[in-house]
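Structure at a glance
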Amino acid sequence: MRNYKNLKIWEQGIELVKQIYVLVKQLPSSEKFGLKSQITRAAVSIPSNIAEGCARNSEVEFKRFLEIAMGSLFEVHTQLIIIQELKFINPEDLADIFELIETEGRMINGLINTIKNS
């Protein structure tokens, strides 16, 4: 069993969750049950699936949970684009989060590829 707390991708996932929670405070209250709820659930899913995958006994299962985390990352990215397109948030306020998403995606993908090639 791996210690997920030692994984940089898990730490980055937690950082992304924190940034998303700060960001959604800027969304209109009418989005409480829409984008706010959807994006926070998707963001929380990223480090949660990484942690759950670490508890699995096989590399195949671990890889599967990393793929689920990647799907949630893409979901968050898409929702941020929607927020940007709807002009709910200033694009400059989204730049750091987009950069964090890109870094997290590369890291998850790298670990998936390492597992595939081992």
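Look a little higher up for the structure.
Rules used in this analysis
- Residues numbered from 1 in each chain as written.
- Predicted model: local features only at pLDDT ≥ 70, side-chain atom pairs only at ≥ 80, totals over all residues.
- Heavy atoms only, no water.
- Core = buried A, V, L, I, M, F, W, Y, C linked by side-chain atoms within 4.5 Å.
- Buried < 20%, exposed > 50% of the residue type's maximum accessible area, 1.4 Å probe, protein only.
- Helix = DSSP H or I, 4+ residues; strand = E, 2+ residues; numbered from the N terminus.
- Contact = heavy atoms within 4.5 Å.
- Lys, Arg positive; Asp, Glu negative; His and termini not counted.
- Salt bridge = Lys/Arg side-chain N within 4 Å of Asp/Glu carboxyl O.
- Axes fitted to C-alpha atoms, helices over the stretch in contact; angles between N-to-C directions.
- Parallel < 35°, antiparallel > 145°, perpendicular 65-115°, else oblique.
- Left-handed = near helix turned anticlockwise from the far one by under 90°.
- Patch = residues over 30% accessible without salt bridge, like charges linked within 9 Å, V, L, I, M, F, W, Y side chains within 5 Å.
- Areas by Shrake-Rupley, 256 points an atom, 1.4 Å probe, with all protein chains shown as cover.
- Charge placed at Lys NZ, Arg CZ, Asp CG, Glu CD.

Now for the nonpolar core. In this structure, Ile20, Val76, Leu80 and Ile108 are the most contacted members of the largest nonpolar core, which totals 33 residues. Only helix H1 (8–24), helix H2 (35–54), helix H3 (59–85) and helix H4 (91–116) provide two or more residues apiece to this core. Every residue in contact with isoleucine 108, bar those within four places of it in the chain, is listed here: Ile9, Ile46, Ile50, Leu66, Ala69 and Met70.

The subject of this paragraph is the environment of isoleucine 20. Relative to the helices and strands, isoleucine 20 is located in helix H1. We classify isoleucine 20 as buried; its relative accessible area is 0%. Taking the C-alpha atoms as reference, isoleucine 20 lies 9.3 Å from valine 44; in sequence the two are 24 residues apart. Discounting residues that sit within four places of it in the chain, isoleucine 20 has contacts with Ile39, Thr40, Ala43, Val76, Leu80 and Ile97.

Structurally, glutamate 104 can be placed in helix H4. Here glutamate 104 occupies a buried position and makes no salt bridge, while the nearest side chain of opposite charge, lysine 8, is found at 8.5 Å. Sequence-distant contacts of glutamate 104, that is, excluding residues within four places in its chain, are made with Ile9, Gln12, Gly13, Ile46, Ile50 and Leu73.

With that settled, the discussion passes to the packing of H2 against H3. Across the interface, H2 lies against H3 with an axial gap of 8 Å and an inter-helix angle of 160°. What the angle tells us is that H2 and H3 run roughly antiparallel. Seen from above, H2 lies across H3 with left-handed handedness.

Turning to a negative patch on the surface, a few remarks are in order. The grouping of Glu92, Asp93, Asp96 and Glu99 at the surface amounts to a negative patch. Relative to the assigned elements, glutamate 92 resides in helix H4. Residue classification places glutamate 92 among the exposed residues on the basis of a relative accessible area of 59%.

Shape is all these values report; function is a separate question.
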